[in-house]
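Structural features, examined
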Amino acid sequence: MELRSELLKSIWYGFTALDLEKSGKVSKSQLKVLSHNLCTVLCIPHDPVALEEHFRDDDDGPVSSQGYMPYLNKYILDKVVEGSFIKENVDELCWTLTAKKNYQTDKSSSTVLPEKDAFRLWCLFNFLSEDKYPLVMVPDEVEYLLKKICMAMSIEFNCVELEDFFSQDSVQQSGITVWVFLEMMNSGKITRGIDKGIISMAIEEVYREIVGDVLKEGYLWKKGQLRRNWKERWFTLRPSNLSYYTGEDRKECQGNIGLDGNCCVEVLPDRDGKRCMFCLKTLSKTYEMSASDTKQRQEWTTAIQTAIRLHVEGKKSLHKDLKLKRREQREHREKRRQAKEEELQRLRALQEERERKLAELDLLKEAQKQAQALLEQDEQRRRQQHEQLQQALEVQLREAEEARVSMQAEMALKEEEAEKQRKRIQELEEMQKRLEEALQQEIKARLDEEAFRYAQAGLLAEEEEKMKALMSLQEEQEEYILKTQREKQELKQEMEAKSRALDEAQRQLEEVRANRHRVDQDVVAAQRKLRQASTNVKHWNVQMNRLMRPIGPGEKRPSLGSSFSSFQIPTQRDPGLRLWRRSGSEEKDEESKENVDNRAGCDSEKRHSHASNGEMDIP
């Protein structure tokens, strides 16, 4: 994917160079030429029929870039094999196409870079540009590239002249295009007063380091493997290998040392007349080398260790890794900047909210003062009502005490109830006192809270919670006050009801006493009548027994006509019966009549018992 991305950057320049009208479309004949040249430099077979087949419905008209992209991916880039071609040839092809149209400079100017240096800067720009189209390079990467070039020229990078250029809004937002970058390099702001040869060497060094993945280059003494003699060689270190040549022109390669995770570097002591020695150990061989000084040895050992680390981590290019890290750092800085802006906005919002809360707090304080005044008025009125209610309760208690004297049994119960009521009143008074103390504490707490608000303006959330708690406490106090009033009203009603019940019970008691007196008189009269009736019954029983005579066994019963007419036995119906009836008519009490009848019944039973024993009962 990295190779394809780098190839697409160069091909994009070639394609846009063919788009003369900047419409995003290129004619089919030009695409054929471009495709053939790409296949040639990428060392893959070219299939002209595939292009005709791909664009068969658009023979005469132009071909869009979107239409060419699938063909480029399928028939060209998918066939590319890494290592089978030279990337620089592809870049030269695309540079040739785009430079004819876009890179037109004054050849007579002394500050204009040579064509080869412009091409290398173009390649460096493509390598460091963002993976977005159209290709641009952010100011941080431009500054990084310029610092590398100035370091290669052994001069100090002065960015004062470029601050105005970097501070432009278009540069900050969209970045720098390659043609603007080359125009800046040709302006002489960086290379003023420096020989072109030095500039070319610096650009070539940076190009080989960044684009060519060269970690380090230079002369070293190397000990031979067979003859064991020392020879000076030009070494080129890349992430995958360490190559050495006879000279710095790199025409004759004398060897190539492959680097992997099994390699290591060690510093050796001086021997055989050589100083600053170190060795590179691989699985098969050990290569002994000698640097010119200690600094060079340190740089070479560090560079080789870096190459081994990159190979172990599976990274093919150091500068690609550094580019990704710089991009991550930029993104991280951008995120931090955005986070700071969001934090500032949040702080501004909090400041506005704080000011609004302070204004609301002032309004609440004013409302609190008004509520305090109303509360004091309500408290005064409530105290007056409480005193009146207490006086009424005292009057009721005195009346209840007087009623208790007149009625002992019931008054004992009433006294207990009155005692309970007094305890309830005491509890209510204690509760009232506690409420007053709580109210004083609340007033004190509000004053303390008001003082704390000035000292602790930053704790708005806690102050709101305290205000809510105070309001809820006020509501509870009002509820307690209303509840107390209701309970006192109910107690007053209950005392009135009990007083009325006491009067009603006393009246019922008087009625019961009067009824009992009348019943006692009736009982006395009935007893007197009963005694009189009993006396009469005894008298007539005696008379009957006196008049009754038994018949002897030798006597003859007289005839009915003579004897009965001359002698008659008085019966119970004559005078005694009449007397009994008179006495019975005089009795008015029903209960006395029943007693007399019962006694008469008893006497008749006695007579019948006498008859059954042989006595004769005369009718």
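All residue numbers refer to positions counted from 1 along the written sequence of the respective chain. Residues qualify for local features only when their pLDDT is at least 70, as the model is predicted, and side-chain atom pairs are given and counted only at 80 or more; totals for whole chains, interfaces and linings, by contrast, use all residues. Note that the side-chain values use all heavy atoms of the structure and ignore hydrogens as well as water.

**A word on the overall build of the protein chain**
Starting at the N terminus, helices and strands are each numbered in turn, a helix being any DSSP run of H or I of at least four residues and a strand any DSSP run of E of at least two. Check the secondary structure of the protein chain and you find 18 helices and nine strands. To sort residues, take the accessible area from a 1.4 Å probe on protein chains only and compare it with the maximum for the residue type: under 20% means buried, over 50% means exposed, and anything in between is partly exposed. In the protein chain, buried positions account for 33% of the 619 residues. Note on contacts: a residue pair qualifies if any of its non-hydrogen atoms lie within 4.5 Å across the two residues. For the protein chain, the proportion of contacts with a sequence separation of at least 24, taken over those separated by at least 6, is 63%. Summed over all atoms, the accessible surface of the protein chain reaches about 39,700 Å², with 51% contributed by carbon and sulfur. Methods summary: accessible areas were calculated by the Shrake-Rupley approach with a probe of 1.4 Å, and residue burial reflects only the protein chains presented.

**Re helix α2 (residues 28-41)**
The end-to-end C-alpha separation of α2 is 20 Å, in line with the 20 Å expected for 14 residues at 1.5 Å each. Every buried residue of α2 is accounted for by Lys28, Leu31, Leu34, Ser35, Leu38, Cys39 and Val41. One face of α2 carries all of its buried residues, which in axial projection span an arc of 165 degrees. Structural note: α2 exposes Val33 and Thr40 on the side pointing more than 90 degrees away from its buried face. Given a helix with a known number of residues, its expected span is that number minus one, times 1.5 Å. In this context, the arc is that of the directions from the helix axis out to the C-beta atoms.

**A closer look at the side chain of Arg326**
Inspection of the secondary structure puts Arg326 in helix α13 (residues 318-406). Once residues within four sequence positions are removed from consideration, Arg326 is found in contact with Leu128, Glu141 and Tyr144.

**Here's the deal with the sheet that holds strand β4 (residues 230-237)**
Strands are treated as partners if at least two bridges between them are detected by DSSP. Judged by pairing direction, the sheet is antiparallel, and its seven strands sit side by side in the order β6-β5-β4-β3-β9-β8-β7 without closing on themselves. The two strands at the open ends of the sheet, each matched to only one other strand, are β6 (253-258) and β7 (264-268). Ignoring which end each strand starts from, the neighbouring axes of this sheet average 35 degrees apart. Where β7 lies against strand β8 (residues 277-281), five bridges are found, and the strand directions are antiparallel. Along β8, the bridge assignment pairs Leu268 with Met277. Lying on the sheet, helix α12 (residues 294-312) is in contact with β3 (216-223), β4, β5 (241-245), β7 and β8; it crosses β3 at an angle near 105 degrees. What counts as an axis is a line fitted to C-alpha atoms, over the stretch in contact for a helix, and the angles between N-to-C directions run from 0 to 180 degrees.

**Points about unusual backbone geometry**
Of the consecutive residues Tyr133 and Pro134, the connecting peptide bond is found in the cis state with omega at 0 degrees. Looking at where Pro134 falls in the secondary structure, it is placed in the loop between α6 (115-128) and α7 (139-152). The backbone of Cys43 sits at a positive phi, close to 60 degrees, despite the residue not being glycine. The residue Cys43 is located in the loop between α2 and α3 (48-54) in this model.

**Observations concerning the pattern of salt bridges**
The salt bridge criterion pairs a side-chain nitrogen of Lys or Arg with a carboxyl oxygen of Asp or Glu, the two atoms within 4 Å. What the rule picks out here adds up to 44 salt bridges. The network of salt bridges with shared partners includes Lys9, Glu130, Asp131, Glu141, Arg326, Arg327 and Arg330.

**Examining the nonpolar core**
Within this scheme, the nonpolar core is defined by two criteria: the residues are buried Ala, Val, Leu, Ile, Met, Phe, Trp, Tyr or Cys, and they are joined through side-chain atoms within 4.5 Å. Residues Leu42, Tyr68, Leu121, Leu145 and Phe181 are the most contacted members of the largest nonpolar core, which totals 64 residues. The element best represented in this core is α6, accounting for nine residues. Not counting residues within four places of it along the chain, the set of residues in contact with Tyr68 comprises Phe15, Leu31, Leu34, Ser35, Leu38, Phe55 and Ile76. Within the second largest apolar cluster, 23 residues are counted, among which are Leu237, Val265, Ala291 and Ala307.

**Some details on the packing of α7 against helix α10 (residues 178-186)**
Any two packed helices are characterised by how steeply their axes cross, that is the angle between the axes, and by the distance between the axes. Contact geometry for α7 and α10: axes closest at 13 Å, N-to-C directions at 35 degrees. Crossing hand, α7 versus α10: right-handed. For the pair formed by α7 and α10, the contact residues are Val142, Leu145, Leu146 and Ile149 on the first element and Phe181, Met184 and Met185 on the second. The residue classification treats Ala, Val, Leu, Ile, Met, Phe, Trp, Tyr, Cys and Pro as nonpolar and Asp, Glu, Lys and Arg as charged. All others, Gly included, are polar. Looking at the contact of α7 with α10 residue by residue, the classes come out as seven nonpolar, no polar and no charged. Note: crossing handedness is left-handed where the near helix turns anticlockwise from the far helix by less than a right angle, and right-handed where it turns clockwise.

**Describing the confidence of the model for the protein chain**
pLDDT gives the predictor's per-residue confidence on a scale running from 0 to 100. Per-residue confidence for the protein chain averages 80 on the pLDDT scale, and 83% of its residues sit at or above 70. Averaged over each element, pLDDT in the protein chain is lowest for helix α16 (residues 562-566) (38) and highest for β8 (93). A low-confidence stretch, residues 558-588 (pLDDT under 50), is modelled with 24 contacts involving residues beyond four sequence positions or located in other chains. Note on residues 604-619: pLDDT under 50 across the span, and eleven contacts to partners over four residues away in sequence or across chains.

**Quick look at the environment of Asn241**
Position of Asn241 relative to the elements: it lies in strand β5. Classification of Asn241 by relative accessible area gives buried; the value is 16%. Placed 66 residues apart in sequence, Asn241 and Ala307 show a C-alpha to C-alpha distance of 8.2 Å. Asn241 has contacts with Thr236, Asn256, Ile257, Gly258 and Leu259, leaving out every residue within four places of it along the chain. Only 3.3 Å separates the side chain of Asn241 from the side chain of Ser243, close enough to count as a polar contact. Here a polar contact is recorded for every N or O atom pair within 3.5 Å, except that within protein the pair must consist of a potential hydrogen donor and a potential acceptor, and residues adjacent in sequence are included only if both atoms are side-chain atoms.

**Focus on the pairing of β5**
Most of β5 is tucked away: five of the five residues are buried. The alternating pattern of β5 places Asn241, Ser243 and Tyr245 on one face and Leu242 and Tyr244 on the opposite face, and all of these are buried. Of the pairings in the sheet, the one linking β4 to β5 comprises four bridges and is antiparallel in character. Bridging from a neighbouring strand, Leu237 pairs with Leu242 of β5. As consecutive antiparallel partners, β4 and β5 are separated by three residues. The pairing of β5 with β6 spans five bridges and is classified as antiparallel.

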